[in-house]
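Per-entry structural report
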Amino acid sequence: MEGQIGYFRRNHFTPVPEVDSLAELNELVDQWDLHDGRRRIGSRPRTIDEYFEVERPLLMPLPEEPFETGRLFTLRVDRYSQIAVRTNRYSVPVRLIGKRVRVVLHASHLVVYDRNVEVARHERLIAKGGCRLDLDHYLEALIRKPGAFPGATALEQACSAGKFTPVHDAWWAAAVKAHGDTAGTRALIEVLLLARHISHEHLVAGLAMALRAGALTADAVALEARKIAQAEDEPAGNRSPAGAAGATVTFLHEWRLAHLPPDTRPLPSVTHYDQLLRRRRASGGEHREGEAQ
């Protein structure tokens, strides 16, 4: 086996392949591995795959629990809600500041555990002195201090990763214009907290719908996002023609009126008030007659 590893390295990794990501390199390795399975070693009559099929029944079964290949660290979270793994820093939820967490470092990613519960997962940084921050980890702190949100490094990284979209930015600008800097930014952070329960795609669509309707509150965004998610879950035959042609804005009061039961009561009448008018005229006439006497 070690000889074949050397053959694989000399024939596929010399010269070193140029790729854009580790995932692309792993895909190439899988393709090369399949190709080598059809190769014959020396003058042997069978291919590598054919010999492996003979040996497969003789192999012991794989263990039920997967073998952990990551390296384990126990680290303390600093006051910036970050941990230092090797030469890089990664964020964790702010509630863990000052606590010790367990980190499993893999070749391409790392996982952070608070006791036995996963609390963070990051793509591993290859260069030294880097910092990877997740905006969601800081929302509880930012909602108390919304003035720190615009210049946050986590926000900048979220924009670069595509998690904070132009739709978020447009809704934020409208909310700030309507409610002021502090209240508008706090409303945006409340919307970002919704991402823990609503998918990113539905939340962005709900933001767009709420922006078109001028609904600049987190509750309105949540309502629109859940309506979109519900419409996608319904069978195609039950969807309305308007939903099939394109998204439409429905205000909350209109939706409530549309779902009220039919009103079978007769229309109100004001004829009974005419009796009061007649009494007033009669009493007024009697009063005038008394004055004349």
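Note that the structure is predicted; figures quoted are calculated from it, not measured. (Residues numbered from 1 in each chain as written. Predicted model: local features only at pLDDT ≥ 70, side-chain atom pairs only at ≥ 80, totals over all residues. Heavy atoms only, no water.)

1. Points about the overall build of the protein
Looking only at helices and strands, the protein has 12 helices and seven strands in total. Within the protein, buried positions represent 28% of all 293 residues. In the protein, the proportion of contacts linking residues at least 24 apart, taken out of those at least 6 apart, comes to 49%. (Helix = DSSP H or I, 4+ residues; strand = E, 2+ residues; numbered from the N terminus. Buried < 20%, exposed > 50% of the residue type's maximum accessible area, 1.4 Å probe, protein only. Contact = heavy atoms within 4.5 Å.)

2. Re the pattern of salt bridges
Oppositely charged side chains can pair when the atoms bearing their charge come close. Counted under the stated rule, the structure contains six salt bridges. The structure contains a network of salt bridges with shared partners spanning Asp136, Glu140 and Arg196. (Salt bridge = Lys/Arg side-chain N within 4 Å of Asp/Glu carboxyl O.)

3. Considering a negative patch on the surface
Where like charges cluster on the molecular surface, the negative patch consists of Asp20, Glu24, Glu27, Asp30, Asp33, Asp49 and Glu50. In terms of residues, the negative patch owes the most to one element, helix α2 (residues 22–37), which gives four residues. Relative to the elements of secondary structure, Glu24 occurs in helix α2. Residue class for Glu24 comes out partly exposed when judged on its relative accessible area of 31%. (Patch = residues over 30% accessible without salt bridge, like charges linked within 9 Å, V, L, I, M, F, W, Y side chains within 5 Å. Areas by Shrake-Rupley, 256 points an atom, 1.4 Å probe, with all protein chains shown as cover. Lys, Arg positive; Asp, Glu negative; His and termini not counted. Charge placed at Lys NZ, Arg CZ, Asp CG, Glu CD.)

4. What to know about unusual backbone geometry
Here the residue pair Thr14 and Pro15 is connected by a cis peptide bond, since its omega of 0° sits within 30 degrees of zero. Relative to the helices and strands, Pro15 is located in the loop between α1 (2–12) and α2. The backbone of Ser81 sits at a positive phi, close to 60°, despite the residue not being glycine. Position of Ser81 among the secondary structure elements: in the loop between β1 (71–76) and β2 (82–85). Phi at Arg86 takes a positive value of approximately 55°, unusual for a residue other than glycine. Structurally, Arg86 can be placed in the loop between β2 and β3 (88–91).

5. Details of the packing of aromatic side chains
Here a ring pair, both rings aromatic, is described through the centre-centre distance and the interplanar angle of the planes. Scanning the entire structure with this criterion turns up six aromatic pairs. Ring centres of Phe164 and Trp172 lie 6.2 Å apart, and the angle between their planes is 90°; this geometry places the pair in the edge-to-face category. We classify Phe164 as buried; its relative accessible area is 6%. Here the aromatic residues Phe8, Phe13 and Trp32 are joined through ring pairs into a cluster of three or more. In this structure, Arg46 packs its charged tip against the face of Tyr51, placed 5.9 Å from the ring centre. Over the ring of Tyr113 we find Arg102, and its NZ or CZ is 4.9 Å from the ring centre. (Phe/Tyr/Trp six-rings, centres within 6.5 Å; stacked < 30°, edge-to-face > 60°. Lys NZ or Arg CZ within 6 Å of the ring centre and 35° of its normal.)

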